[in-house]
Structures are given as structure tokens and as C-alpha cells.
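Chain and residue survey
One letter stands for each residue in the lines below.
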Amino acid sequence: MEQSRGSSSRLRFLLAVLLFELVSAAAAITRDDFPEGFVFGAGSSAYQVEGAWAEERKKPSIWDTYTHQGYAFDHATADVAADQYHKYKACFPIPDGRGAVNPKGLEYYNNLIDELLKHGIQPHTTIYHFDLPQALQDEYNGLLNPRVIEDFTAFADVCFRSFGVRVPRNHLRRGKLHDGAAVQGGRIGITLLAWWYEPATTKPEDVAAAERMNDFTLGWFLHPLVYGDYPPVMKRNAGSKLPALTAEESARVRGSFDFVGVNQYGAIYVADDPSQLKRELRDYSADEATKYVTQPFESSRHQLGQEFKQRGLGLRNDDAPWALRKLLEHLQTKYANPPVVIYENGAGHEPDPSGGLLYDDEFRSRFLQVYIEAALQSIRNGSNVRSYFVWSFMDLFEYIFAYQFQFGLIGVDYGAEGRTRYARSSARWYAGFLHGGELRMVAPDGSRASS
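Residues numbered from 1 in each chain as written. Predicted model: local features only at pLDDT ≥ 70, side-chain atom pairs only at ≥ 80, totals over all residues. Heavy atoms only, no water.

In this structure, S392 follows W391 across a cis peptide bond, with omega equal to 5 degrees. A positive phi angle, close to 50 degrees, is found at A81, a residue other than glycine. With respect to the element layout, A81 can be found in the loop between α3 (62-68) and α4 (84-88). The exposure class of A81 is buried, given its relative accessible area of 0%. (Helix = DSSP H or I, 4+ residues; strand = E, 2+ residues; numbered from the N terminus. Buried < 20%, exposed > 50% of the residue type's maximum accessible area, 1.4 Å probe, protein only.)

Take the nonpolar core next. The tendency in soluble globular proteins is for nonpolar side chains to be buried as a group. Membership of the largest hydrophobic core comes to 61 residues, with the highest contact counts inside it found for F34, I372, Y388 and Y430. Per-element tally for this core: the top contributor is helix α15 (residues 362-380), with nine residues. Beyond its immediate chain neighbours, meaning those up to four positions away, I372 contacts F34, F40, Y388, W429, Y430, F433 and L439. Counting 14 residues, the second-largest nonpolar core is a separate cluster that includes I113, A156, C159 and V167. (Core = buried A, V, L, I, M, F, W, Y, C linked by side-chain atoms within 4.5 Å. Contact = heavy atoms within 4.5 Å.)

As a further point, take the packing of aromatic side chains. Taken as a whole, this structure holds 32 aromatic pairs when the rule is applied. With a centroid separation of 6.3 Å and 55 degrees between ring planes, the pair formed by Y269 and W322 is classed as tilted. Of this pair, Y269 sits in strand β7 (residues 267-272) while W322 is found in helix α14 (residues 321-334), placing the two residues 53 residues apart along the sequence. Given the relative accessible area of 7%, Y269 is considered buried. (Phe/Tyr/Trp six-rings, centres within 6.5 Å; stacked < 30°, edge-to-face > 60°.)

Moving on, we get to the pairing of strand β10 (residues 385-391). For β10, the buried fraction is high: six of the seven residues fall into the buried class. Across five bridges, the pairing between strand β1 (residues 39-43) and β10 is parallel. Bridge assignment links V39 to a residue of β10, and that residue is S387. In this sheet, β10 lies alongside strand β9 (residues 340-344) in parallel orientation, the contact comprising three bridges. When the sheet's bridge partners are listed, V341 is paired in β10 with S387. With respect to chirality, the unit in which β9 leads through α15 into the neighbouring parallel β10 is right-handed. (Pairing = 2+ DSSP bridges. Right-handed = clockwise from strand over helix to strand, strands pointing away.)

Moving on, we come to the sheet that holds strand β8 (residues 290-292). The strands making up a sheet associate through backbone hydrogen bonding, with each pair oriented either parallel or antiparallel. Strand order in the open sheet formed by three strands is β5-β7-β8, with mixed pairing between adjacent strands. A strand with exactly one partner marks an edge of an open sheet, and here the two such strands are β5 (196-199) and β8. Shown here is a sheet whose adjacent strand axes are inclined to one another by a mean of 45 degrees, direction ignored. Summarising the sheet, β7 and β8 pair through three bridges and their orientation is antiparallel. Across the sheet, residue D272 finds its bridge partner in β8, namely T290. The strands touched by helix α9 (residues 204-227) are β5, β7 and β8; relative to β7, the strand with the most contacts, the crossing angle is about 125 degrees. (Axes fitted to C-alpha atoms, helices over the stretch in contact; angles between N-to-C directions.)

One number sums up the size of the second largest pocket: a volume of about 310 Å³. P351, D352, G356, L357 and V412 are the residues nearest the centre of the second largest pocket, which is lined by 17 residues in total. Residues that form the lining of the second largest pocket fall into these classes: seven nonpolar, five polar and five charged. (1 Å grid on protein atoms, 1.4 Å probe; cavity = no way out; pocket = protein on both sides within 12 Å on 5 of 7 lines; lining within 4 Å. Points joined across faces, edges and corners; volume = space filled by probe spheres on them. Nonpolar A, V, L, I, M, F, W, Y, C, P; charged D, E, K, R; others polar.)

Another point: the pattern of salt bridges. Following the criterion strictly, the structure yields 15 salt bridges and no others. Residue R282 is joined to D287 by a salt bridge in which the shortest nitrogen-to-oxygen separation is 2.7 Å. For R282, a relative accessible area of 26% gives the class partly exposed. We note a salt bridge from E362 to R366, for which the minimum N-O separation is 2.7 Å. One end of the pair is E362 and the other is R366, both in helix α15 and four residues apart, which spans about a single turn. By relative accessible area, which is 34% here, E362 ends up partly exposed. (Salt bridge = Lys/Arg side-chain N within 4 Å of Asp/Glu carboxyl O.)

It is worth spelling out the confidence of the model for the protein chain at this point. Per-residue pLDDT for the protein chain averages 83, and the proportion of residues at 70 or more is 81%. Note that pLDDT drops below 50 for residues 303-312; the model gives that stretch 15 contacts with residues more than four away or on any other chain. (pLDDT = per-residue confidence, 0-100.)

Next up, the structure:
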């Protein structure tokens, strides 16, 4: 009996030592642990930061129209947003989505790119981020009409000719656009909102429902790009609502990307709901035949539904680094391990209703730490991750959440007329990590944070 107890004690000691070594190894991660050429950054979006919605010949986008009709939280708009237009003199290069180029817009973006490069920052550009010109929506129903390809190609061509040699990565479609980018040594990709869908239970039907949701979201775009056609489950459930690709179209889209961008904020738990397939009129959501057990940003089975009803939006995203690992493994095994750029990943918070500013956001630093570590673990397991970008560089207009869900490393005082900026503790931590500091922060007692 004493020998058994002794063996058990030694086993616990060995396990404790092993656990300590694993935590210490995680704590010692630095930027140098990532592959050579790996890029770190932080992102923002023109519509969400610029403001000046009707200045310098700028015409409305579909999001200007949407928010002006009162659909965002608290009827807010991005008319001013973080006021980057007046702070950086930003404007749009093509006011109506086609036609004459606005030289002031090109001048601004040329100056911005040059300033970034001067400070050792390599720009990555998204040339379509939800803000389609309203004129094109009115003229031919925007993205639902193939005519948008010609106008978008012309717009992209202006961007390539004006900025191409200094901006090696662009997110858009390929074909003629890819030929133009290749001449300048650039790369083109598509960026997807990439929630990871997890089954609510281990029941086979819920497991199948989660797989179906990943096909309906990620596979909707990636399956044609990798295999030349839509996922079988989408074709089966959506039927004639899903366009049939011709052999020529299939050949054109297959392989038509250089990298895949993902915006990843965690997991959503889902369950099977076959009753939706029995509805006489079915939309995209009904064709999915699933129901959400948790809401976006929760990432756990502990539902926040009541909190949503009590105060504002009740939003604060819980970390789920395992969701990023599963997503990257999915891309690795199902979609031939494409080059991946994590273009958005970050922690949001609701601002203080009294107007107080948030300087200490250690929760955001910890969130980023566990996701960056998850990205490194996936790389070591063979995933082809090339870059990681924090969302967001500064507080901005978060679409339907408006100004009630903020992600910025840099805070913006929206109560101040000048939209004053201020650095949060997460900005200082991230800067330290990028300059060679350890991933985990060291507490005053000498201990390190762990996930």
C-alpha cells in the first residue's frame, strides 16, 4: 500500500513538472518562434473609420443607405465615425463606382501607403469590404448582377495601377485581375467570415448539422475555388436556388486564388433542425436546417440571451482558441492546406455608458495571446498560416453594433469633438511582443499569464 502511494505521489509530481514545463514553454513564445517572413499587423476599414460620408464628391454606399434608414444599433451612422477623413484627408478614388477617378482620393491613399512604408509597415488592402456604391445597387442590383464584375474589375485595375507594386496582397477575385497583379509581383485572395460551427451535442445529427453549417459558410466560397463546384449538401438542400456552374465557369474559378483570408472570432454551437426543410418557402437559413444554441461571440454553451435583453447589446466575446485550431485544421485537410492569412481576430467590449474611457484592457491582451499561441500550434501541426492581424487598430463603427462594441488597441473618445485617440494597455503589450517581448505578460509576483 505504501509503495502504491509513493508511486502515485511520484506520478503527480511528474505530471506537475510536465504541466509547468508546458506553461513555461507557452510563456516563452516570442515573435521569433514564427516562420521567417510571418507578418503581424492590425486592421481597420475605410467605411468604419473615415466619416465625411458626403464630402469630396463621395457618394453613398449601401451601408450609408442602410444606417441612414435606422437599422444600426441606436440608429447610429458612420457619417463621422473616427473622423479619419479630417484627420488624414481621406476620400474615395471613384465616387460612383465607375467613371472618372477622383485624384484627391488617389493622392490620399498614395500618401498613406508611402507613410506606412516609411515606418516599416507593409500595407495589406481589402478593396471591397461591404461598402458597394449605392449607385450600382440602384442601377442593376449590385452584387446580384454579373455586370458588377466589369465595374469591379475596372475599380481594381485602378488600384493595381496606382498602388500595386507597393501593396503585394489584395483581397478580391482573380481572372483578369490576377494577371494584372501577377505582373506587379502581387497576390490576390478572398477573405471569409469564418466562425467555427461546433455540434451542441455528440448526437450524429448535431455533428452533421455543424459540418453542414461549415459547408454553408466556408464551403460556399472555398469549395468552388478548390474543387470547381458548390458543396454537395448545399446543392441538395438549396436546389435550383443555387446557380449551376458551367464547365467553363468551373474551370475559371478552380484554383483562382493565392491565399485565403479568415476573420475568426470563435465558435457557434448548433443543433440539427430538419423541420426547416419542410417549409414551403425556404431561404438560405432554412436550407441550413440548423438552429443556433449559442449566439456569435459567446463561444461556449453558457448562453447570454438574458443579458442581451437587460442592457444594450450585452456583448463581450469569450475566447475560444480551440475554434481557430479546428478551423485551420479544416482548411488544411479539406481544402488542400492553402496559404492562410488571419485578417481579423480580436476581443470586443461594450463602452462605459457614463462615457468613461477604457485604458486597461488586459482581457484583450489575454484574448490575443491565446489566439496567437493557437495559430503557432497550428503552424507546428502543418497549417500554412502566413499572417495574423488584430482587429482592430482603433475603435470604429462596428456596422449593426455601431459604437456599442469596440475592438481597438487604440481607443477613440467618441464623446470628444475631435475624436481623441488614446493607447490602451493592449496596444503597449502588442507593440512589446512585436519588438521581441514574450507572448505572456509577467505579473508583479513573477508569474506569467496562462490560457
